[in-house]
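The chain contents come next:
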Amino acid sequence: MNKIKNIPDAPLAPKVSRFTESCRLFKNNRLSILGFITFIIFFFIAVTGLFLTSGNNPVFDPARIRLHEKLRPPMSRPNPGTLKTSEIPPFGIYFMGTDELGRDLFARMLQGAWVSLTVGFVAVGISVIVGIFMGGIAGYFGQKHIRFDQIIITCILFSGGALLFMGARHSGVKLLIIGHACLFFFIIFKVVWRKKAMPGWIRILRKNAISIDTLIMRIVDIMLCFPGFFLILTVIALLPASIYNIMIVIGLTSWMGTTRFVRADFLSLREQDFVTAARALGVSNFRIIFRHMMPNAITPVLISATIGVATAILTEAGLSFLGFGVPPPHATWGNILSNGKNYIFDAPWLTFIPGTAILTVVLSFNLFGEGLREILNPKLRDRY
Amino acid sequence: MLSFIGRNIIQKIVTLFFVSVISFLIIHLAPGKPTQVDPMNPRFTPELVEKFKKEFHLDKPLYKQYLIFYKDLLTGETVSWKDNQPVLEKIWERFLNSLPLFIVGTLLTWTLSFPVGIHSAIYRGGIYDRSATFFSYLLISIPGFFFAYILIAFVVTRLHVPVIGMETFGLGNRFWLNMVMDRLWHLLLPSILGATGGIAILSRYVRGQMLEVEGEDYVRTARAKGLPPEQVHYKHALRNALLPFVTMFGLILPGLIGGSVIIESIFSWPGMGRMAYEAILARDYPVILTVNFLSAALVLAGTFVSDILYLIVDPRIRL
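Engineer: What is the right way to read the overall build of chain B from this model?
Structural biologist: Helices and strands together make up the secondary structure of chain B, namely 14 helices and zero strands. Since a compact globule built from 319 residues should have a radius of gyration of about 20 Å, the 25 Å found for chain B marks it as more spread out than a globular shape. Along the three orthogonal principal directions, the C-alpha set of chain B runs to about 85 × 60 × 35 Å. Within chain B, the proportion of its 319 residues that are buried is 44%. Of the contacts made within chain B by residues no fewer than 6 positions apart, 73% connect residues no fewer than 24 positions apart. Of the roughly 17000 Å² of accessible surface on chain B, 67% is carried by carbon and sulfur atoms.

Here it is as structure tokens:
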């Protein structure tokens, strides 16, 4: 031991941890700093907006209609003669003007900030969770195979459940019973034939049909075949209008990228020594996946999630524009903009304020995400 | 090679089958019935609803409906529920309207994004690169319809050119040049709008590829042995950076049928996207399903083409 210590200082690589190195690179990337700061500001505005515009007696009332005061330009003062005292906006001024019903645009924008933020984050949250789950299974358990009998039983049970759900009671219950019987049958037969040779037809059923990896990746391929925005539009148009449906549908149609990232990372991580060591220690699969492997694979997921939030906000605005967005009591930037477009020549602020707001926020997310990507991609670093 | 192609095609057909099943299920299991589209219409008596259901096989079980629908689709007999027109003919007509938009948009995208991307990669970190980066993010982030309204407001108020629709209504028998100019003006804005996102994304991608290749050892070698910079950039680096883009030609295909719903509705352009949107509003299931099926088929065809192109272009891949 002592001998090693006595060796004169060998030339060592400068000791810089990955985090400090990334921080240094991040500081050099001015655009992504700008994006990050804008994002923080937006977050605070959204949270304060939530407090200022909700409750029974909000400070800024986004729903107060003043028909005398419609389409007033920004920074104009309300006319005290025609308004009750409760109708006068705080500070006695319309910061961003009023819309076609005389509602205070500033209050509506404040309320919309929170809605846009939640739509973006919840949708991306759903897609990241689904993506990590599917990708994790495909990467970690990918080499395992599913047998024919398992596929058949799952199909029977699922179609039984679907029929039951659709209202066809009789055939649904029948299918469910058949499915459970098959399940039972196979479990029993597995025990019975542990020693004896199985008959041929059962052996065919117990052949490996498809590996889990192939299955999940084919599901991803299938999902990628659907035309994105059109699929979202179809589903949203068929479902009842609600803010939750929009989040769920956007989330469930955008998890494929995450799945691919996570799977690719897991395929290389599962061969590494620390995973073998963890398995040798008897750590459970669940813990290996989430405590040991996931932290090593999470970076690309987070980057794509940042950009995903931007895309989700844009998608929501597009849906609002076509009339399928978040339904009226909630103001979102998308539906303020799509109402405002009818007055683009008379009241341009109704178009330009929400439009610029969406642009700024989406831009900040994109800049931040791309900045992160550039920092964490070693191939793009300066080499000379 | 042949076995690869064969396996690939079989795989794609299986995928297409599942896509057809899933899109059928999504549409038919969603709440609401196509017979309830217009419940307030006094002419929509229960007898009529029954007749409607019988006519379009809505009284049969779901799997039979599925078989009937796809049999009709593959033999080209599907009719729209709304106006009894053959769906494929309808789509073809709208497709021809969308085609000029698609062609001009694609040309703009591919001709503009390469110079921009290559230039900003070569002068990495310079003022040009930084402003190009910022502008491409700006174009990615701007909501399409907001940008459309800015452009419309600008063109209509400053240049006094009508831009809504495919042509100006009631132009009559003017000189042919006027007609052509009119058509071009109407074509210009929607195609620019359709191309902006593509230009921004593709030029970023070109830049990224180019940067990656510029960092390779063989480029450094080329520079070290004193080749002129043009030769290093365009002969050594660019050729290798172009590889992924050859395969992207295949991925243009799906754009053929998509058509942008939002842009076409803003400009009242009677194209595919708008037809699909109207079909969704009217719950015209055959049209929705056919558009879905065709676009899925095109996506698969596109990935197939790009796989094949990759095989041809990249000598490192051998099967």
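Engineer: Would you mind going over the environment of Trp110 of chain B with me for this structure?
Structural biologist: Following the sequence through the fold, Trp110 of chain B ends up in helix H4 (residues 87–122). Aside from chain neighbours lying at most four places away, what touches Trp110 of chain B is Leu202, Phe245, Met248, Phe249 and Ile252 of chain B.

Engineer: It is not clear to me how the interface of chain B and chain A should be interpreted in this structure. Could you clarify?
Structural biologist: Where interface size is given, it is often the accessible area lost as the parts come together that is meant. Facing 53 residues of chain B, the contacting portion of chain A comprises 49 residues. Summing both partners gives a buried area of about 4400 Å² for chain B against chain A, and 76% of it is carried by carbon and sulfur. Taken together, the connections running from chain B to chain A amount to zero salt bridges. Linking chain B with chain A are four residue pairs in polar contact (both at pLDDT 80 or more), by the criterion used here. Where the side of chain B that touches chain A is concerned, the elements lending two or more residues are helix H1 (2–29), helix H5 (127–141), helix H6 (144–159), helix H7 (176–214), helix H8 (217–224), helix H12 (261–266), helix H13 (272–281) and helix H14 (285–313) of chain B. At nine residues, the largest contribution of residues to the side of chain B that touches chain A is made by H1 of chain B. Looking at the side of chain B that touches chain A, its residues break down into 33 nonpolar, eleven polar and nine charged.

Engineer: Looking at this model, I keep getting lost on the nonpolar core. Mind explaining?
Structural biologist: Across soluble globular proteins, nonpolar side chains have a tendency to be buried as a group. Within the largest apolar cluster, 116 residues are counted, with the highest numbers of intra-cluster contacts made by Phe266 and Trp333 of chain A together with Ile266 of chain B. For this core, the element with the highest residue contribution is helix H13 (residues 285–321) of chain A, accounting for 14 residues. Not counting residues within four places of it along the chain, the set of residues in contact with Phe266 of chain A comprises Gly136, Gly139, Tyr140, Ile289, Met293, Met294 and Ala297 of chain A. Listed in part, the 19 residues of the second largest apolar core include Val219, Ala222, Ala237 and Leu238 of chain B.

Engineer: Honestly, the packing of aromatic side chains in this entry has me stumped. Any pointers?
Structural biologist: How two aromatic rings sit relative to each other is given by the distance of their centres and the angle of their planes. Across all of its chains, the model carries 25 aromatic pairs over all chains by this definition. Aromatic rings pair up to connect Phe39, Phe43, Phe44, Phe121 and Phe365 of chain A into one cluster.

Engineer: What's the story with the packing of helix H4 (residues 105–140) of chain A against helix H11 (residues 256–269) of chain A in this structure? I'm lost.
Structural biologist: To describe two helices that pack against each other, one gives the angle between their axes and the distance between the axes. Residue and element names in this part refer to chain A. For the pair H4 and H11, the least separation of the axes is 7 Å and the interaxial angle reads 35 degrees. Relative to H11, the crossing made by H4 is right-handed. Where H4 abuts H11, its residues Ser127, Val128, Gly131, Ile132, Met134, Gly135, Gly136, Ala138, Gly139 and Tyr140 lie against Thr258, Thr259, Val262, Arg263, Phe266 and Leu267. Its residues placed into classes, the contact of H4 with H11 shows eight nonpolar, seven polar and one charged.

Engineer: Even after reading the chapter, I still don't get the confidence of the model for chain A, so can you show me in this structure?
Structural biologist: Reading fine detail from the predicted coordinates is not recommended where pLDDT is low. When pLDDT is averaged across chain A, the result is 80; 89% of the residues are at 70 or more. In the model of chain A, helix H1 (residues 2–6) of chain A stands out as the element of lowest mean pLDDT, 53, in contrast to helix H12 (residues 273–280) of chain A, which has the highest, 91.

Engineer: Would you mind showing me how to read the pattern of salt bridges here?
Structural biologist: Charged atoms that come close allow side chains of opposite charge to pair. Residue and element names in this part refer to chain B. Under the criterion given, the structure shown has eleven salt bridges over all chains. The salt bridge involving Arg94 is made with Glu278; its shortest N-O contact spans 3.7 Å. Placement of Arg94 in helix H4 and of Glu278 in helix H13 is noted, with a sequence separation of 184 residues between them. Residue Arg94 is classed as buried on the basis of its relative accessible area of 18%.

Engineer: Got a minute to help me understand the packing of H4 of chain B against H7 of chain B in this structure?
Structural biologist: For the pair H4 of chain B and H7 of chain B, interaxial distance at closest approach is 6 Å and the crossing angle is 35 degrees. As H4 of chain B packs across H7 of chain B, the resulting crossing turns out to be right-handed.

Definitions and cut-offs
- Residues numbered from 1 in each chain as written.
- Chains lettered and ligands numbered in written order.
- Predicted model: local features only at pLDDT ≥ 70, side-chain atom pairs only at ≥ 80, totals over all residues.
- Heavy atoms only, no water.
- Helix = DSSP H or I, 4+ residues; strand = E, 2+ residues; numbered from the N terminus.
- Rg over C-alpha atoms; globule rule 2.2 N^0.38 Å.
- Buried < 20%, exposed > 50% of the residue type's maximum accessible area, 1.4 Å probe, protein only.
- Contact = heavy atoms within 4.5 Å.
- Areas by Shrake-Rupley, 256 points an atom, 1.4 Å probe, with all protein chains shown as cover.
- Buried area = accessible area lost by both parts, 1.4 Å probe.
- Salt bridge = Lys/Arg side-chain N within 4 Å of Asp/Glu carboxyl O.
- Polar contact = N/O pair within 3.5 Å; in protein donor to acceptor, adjacent residues only side chain to side chain.
- Nonpolar A, V, L, I, M, F, W, Y, C, P; charged D, E, K, R; others polar.
- Core = buried A, V, L, I, M, F, W, Y, C linked by side-chain atoms within 4.5 Å.
- Phe/Tyr/Trp six-rings, centres within 6.5 Å; stacked < 30°, edge-to-face > 60°.
- Axes fitted to C-alpha atoms, helices over the stretch in contact; angles between N-to-C directions.
- Left-handed = near helix turned anticlockwise from the far one by under 90°.
- pLDDT = per-residue confidence, 0-100.

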